[in-house]
Amino acid sequence: MVPFFIPLAGAIALFLFGMELLRGGLCRLSQKRLQPLLMQATQSIWQAVLLGTVVTAFIQSSSAVTIIIVGLVAGHVIALEQAAGLIAGANLGTCTTAFLVHFGLCTEGPALFQGIHPVLLLCLLLPLLVYRRCPPLLSVCAGLVALLAGMYRMQDALAPLAGTPQLSMLLSAWDSPLTGLLSGTAVTAILQSSSACIAMLQTLSGSGMLSIGCILPVILGQNIGTCVTAMLAAVHAGREARQAAWMHLLFNLLGAAVVLPIHQICCLFLPYAMAQPADSLTIAWLHLLCNLAALLAFVPLYRRMGKQKGSRRSRSQVGRI
């Protein structure tokens, strides 16, 4: 267990470091436009969803965008109703990372990313990269190098695990949807990155032992686990900011509530289809479909809550008169 765990931990750390450098560089490149762009969210939830999706697909971090949204709500810059659409869009936009990881796994990695050279280069640049005034373009480029190097090292670390008793034990634990859901939630909450967890699943899918049936609850759990970051950021940010963070959690809980019954029905009536191996592209599509299902459940509920809130306001105004 230890021989593969140590390089895997190092690969995950390198991947997360790359994601942080990439996110920080992109945020600084667009910091003059990012917050004003999010502030342009109109009362139409679909326009807010589209805006949140595009911004998150560019930034490559739903957690970062959600924290910005929570901050804007705390500062009374945008209304809670606007934040709802932006948060829903952020959950959709983060699905692009899984497709990028798939294309990275499908293409044979250059020796530059698979050797020791990128790690040495990052070590040499580390004093400059952690410097507050590091050029954002350098941060973006170094982030891409670290992300790709971490992804290929993750693949190398997990390759010996294929066909071993440890992987069989892990997959047998995921036979229960509840266990898979809790596992995905716990791991993502610890790593504070659903992208890293999805990348690990996509890397493990190369063994051919991950089925669609066992992987779907884990993906739903990862969506729930990623809400921890926004909830921690909103602890001391005021009532409306906490409501925005809870809305992020509600979005992903709704996704699990909608998809898990469908998952159970498919396992009963389509066992052969659910037992099919899930490759990296299938995992990326499942991630997107889960978030689309959450969106379709979230929007009607959001509109109903908005109408009830509006009716309460009108009644209180009548009562005052």
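A. Focus on the packing of aromatic side chains. Applying the stated criterion across every chain, the model contains two aromatic pairs. With 5.2 Å between their ring centres and 85° between their planes, Phe 99 and Trp 285 make a pair best called edge-to-face. Of this pair, Phe 99 sits in helix α6 (residues 96-106) while Trp 285 sits in helix α17 (residues 280-320), placing them 186 residues apart in sequence. For Phe 99, a relative accessible area of 17% puts it in the buried group. Between Phe 251 and Phe 298, the ring centres sit 5.5 Å apart and the planes meet at 65°, which makes this aromatic pair edge-to-face. Here Phe 251, found in helix α15 (residues 239-269), pairs with Phe 298, found in helix α17; they are 47 residues apart in sequence, far enough to count as distant. A single burial state applies to Phe 251 and to Phe 298, both of which are buried.

B. Local environment of the packing of helix α11 (residues 177-191) against helix α13 (residues 212-225). At a minimum axis separation of 6 Å, α11 and α13 run at an interaxial angle of 35°. Relative to α13, the crossing made by α11 is right-handed. In contact with Pro 177, Gly 180, Leu 181, Gly 184, Thr 185, Thr 188 and Ala 189 of α11, α13 contributes Pro 217, Val 218, Leu 220, Gly 221, Gln 222, Ile 224 and Gly 225. A class-by-class count of the residues in the contact of α11 with α13 yields seven nonpolar, seven polar and no charged.

C. Representation of the nonpolar core. Residues Phe 15, Ile 69, Met 154, Ile 215, Ile 219 and Phe 298 are the most contacted members of the largest nonpolar core, which totals 79 residues. Top contributing element to this core by residue count: α17, with 11 residues. Among the nonpolar cores identified, the runner-up in size contains eight residues, and Leu 122, Cys 134, Ala 142 and Ala 146 belong to it.

D. View of the state of the cysteines. A full pass over the atoms with the stated rule returns zero disulfides. Counting only cysteine sulfurs, Cys 267 is the nearest neighbor of Cys 214, a cysteine outside any disulfide, at a range of 9.7 Å. The closest cysteine sulfur to the non-disulfide-bonded Cys 290 is located on Cys 95, 8.6 Å from its own sulfur.

E. Spotlight on the environment of Met 151. By secondary structure assignment, the location of Met 151 is in helix α9 (residues 136-158). Since its relative accessible area comes to 1%, Met 151 is described here as buried. Considered as a pair, Met 151 and Val 101 are 50 residues apart in the sequence and their alpha carbons are 7.9 Å apart.

What counts, and at which threshold
- Residues numbered from 1 in each chain as written.
- Predicted model: local features only at pLDDT ≥ 70, side-chain atom pairs only at ≥ 80, totals over all residues.
- Heavy atoms only, no water.
- Phe/Tyr/Trp six-rings, centres within 6.5 Å; stacked < 30°, edge-to-face > 60°.
- Helix = DSSP H or I, 4+ residues; strand = E, 2+ residues; numbered from the N terminus.
- Buried < 20%, exposed > 50% of the residue type's maximum accessible area, 1.4 Å probe, protein only.
- Axes fitted to C-alpha atoms, helices over the stretch in contact; angles between N-to-C directions.
- Left-handed = near helix turned anticlockwise from the far one by under 90°.
- Contact = heavy atoms within 4.5 Å.
- Nonpolar A, V, L, I, M, F, W, Y, C, P; charged D, E, K, R; others polar.
- Core = buried A, V, L, I, M, F, W, Y, C linked by side-chain atoms within 4.5 Å.
- Disulfide = S-S within 2.5 Å.

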